[in-house]
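# A structural walkthrough
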Amino acid sequence: MPGPLPPEVEKILISQQALARRVKQLAAQISRDYQGLRPLLIAPLKGAFVFLADLIRHLKVPVEVDFVRLASYGASTQSSGQVRITKDLETSPAGRHLLIVEDIVDTGVTLGYLIDALRQRSPASLKVCALLDKPQRRRRQVGLEYLGFTIPDQFVVGYGLDFGEKYRELPFVGILRREG
Ligand code: PRP
């Protein structure tokens, strides 16, 4: 049983059970589509590490995993549109089947930047698997080939997602209480 809700978390949006079920379904879909291809899964740090860890343990195909770290300038809850890579891949993406594994797509600016950067490196293919999509805040259109949940425009934490580096360890996705 999960512990009590932290007081700052208003309610659970997606339960641990619902997350587990959906992650398993996504893994089944990915396993079918990538048979024999040995994809390179690319997760942007930090938020995606929990989703990635659960996802790969349900895959039926061998994969490789690598990480990037992207930084966006501006306030923490809103991307300013300026993105840069602060930690690059350690695996060459040329000729590889790349699958970006992202925790949340909000404005789409971060993911859009990563897609552009990876496309320039001659991959064999490039697709995206996102756990959460918040389409109401989209500023840049991005294709999501695999999607876990579409969520409303509320600030969510848990299952890897943070607010000020807190709450990543929560086993569910919860809505953060707004002050004032
Ligand atoms: C989150 C998330 C995406 C990005 C989405 O990362 O993991 O990378 O924001 O926002 P966007 O669609 O508006 O660009 P964050 O910058 O919070 O870093 P973290 O994963 O280290 O918490």
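Below is a summary of the structure that appears in this document. (Residues numbered from 1 in each chain as written. Predicted model: local features only at pLDDT ≥ 70, side-chain atom pairs only at ≥ 80, totals over all residues. Heavy atoms only, no water.)

### Remarks on the nonpolar core
Cut-off, in case you're wondering: As used in this record, nonpolar core signifies buried Ala, Val, Leu, Ile, Met, Phe, Trp, Tyr and Cys residues forming a set joined through side-chain atoms within 4.5 Å. Relative accessible area decides the class of each residue, using a 1.4 Å probe on protein chains only: under 20% of the type maximum gives buried, over 50% gives exposed, and in between gives partly exposed. Working definition: helices are DSSP H or I runs of at least four residues, strands are E runs of at least two. Numbering for both runs from the N terminus. The criterion used for residue contact is that any of the two residues' heavy atoms lie within 4.5 Å.
In terms of nonpolar packing, the biggest core is built from 31 residues, with Phe51, Leu55 and Leu132 touching the most fellow members. When contributions to this core are tallied by element, the ones reaching two or more residues are α1 (16-33), β2 (40-45), α2 (49-56), β5 (97-105), β6 (125-133), β7 (146-150) and β9 (173-176). Looking at this core, the element that brings in the most residues is α1, giving six residues. Every residue in contact with Phe51, bar those within four places of it in the chain, is listed here: Val23, Leu26, Val101, Glu102, Cys129, Ala130, Leu131 and Tyr159.

### A look at the sheet that holds β5
Here is the rule we go by: DSSP bridges decide pairing: two strands pair if at least two such bridges lie between them. Helix axes use the C-alpha atoms of the stretch in contact, all axes being lines fitted to C-alpha atoms, and the angles between their N-to-C directions lie in the range 0 to 180 degrees.
Judged by pairing direction, the sheet is mixed, and its six strands sit side by side in the order β4-β3-β2-β5-β6-β7 without closing on themselves. Lying at the two open borders of the sheet, with one neighbouring strand each, are β4 (83-87) and β7. Pairs of neighbouring strands in the sheet enclose a mean axial angle of 30°, with direction left out of account. For β5 and β6, the ladder comprises eight bridges, and the chain directions are parallel. Counted as the bridge partner of Ile104 is Leu132 from β6.

### Describing the pattern of salt bridges
Our working definition: A side-chain nitrogen of Lys or Arg and a carboxyl oxygen of Asp or Glu constitute a salt bridge if their distance falls within 4 Å.
Evaluation of the coordinates by the stated rule reveals 13 salt bridges. Residues Glu90 and Lys87 are paired through a salt bridge, measuring 3.3 Å at the closest nitrogen-oxygen approach. In this structure Glu90 comes out as exposed when scored by relative accessible area, which is 68%. Among the salt bridges present, the one from Asp133 reaches Arg138, with a minimum N-O distance of 2.5 Å. With a relative accessible area of 8%, Asp133 lands in the buried category. For Arg138, a relative accessible area of 16% corresponds to the buried category. The network of salt bridges with common partners includes Lys46, Asp162, Glu165 and Arg168.

### Side note on the sheet that holds strand β1 (residues 9-14)
Within the open sheet, the three strands sit side by side as β1-β9-β8. Their pairing is antiparallel. Two strands bound the open sheet, and with one partner strand each, they are β1 and β8 (156-157). Sheet analysis places β1 next to β9, joined by four bridges and oriented antiparallel. For Val9, the partnering residue across the bridge sits in β9 and is Leu176.

### Examining the pairing of β5
Let me state the cut-off plainly: Every crossover in which the path from the first strand over the helix to the second runs clockwise, viewed with the strands pointing away from the viewer, is termed right-handed.
Most of β5 is tucked away, with nine of its nine residues classed as buried. Between β5 and its parallel partner β6, the chain crosses via helix α3 (residues 109-119), and the hand of that crossover is right-handed.

### Some words on the environment of Ile42
Relative to the helices and strands, Ile42 is located in strand β2. The class of Ile42 is buried, set by a relative accessible area of 0%. Each C-alpha atom of the pair Ile42 and Ile100 lies 4.7 Å from the other, and the pair is 58 residues apart in sequence. When neighbours within four sequence positions are excluded, Ile42 is seen to be in contact with Asp66, Val68, Leu89, Leu98, Leu99, Ile100, Val101 and Leu118.

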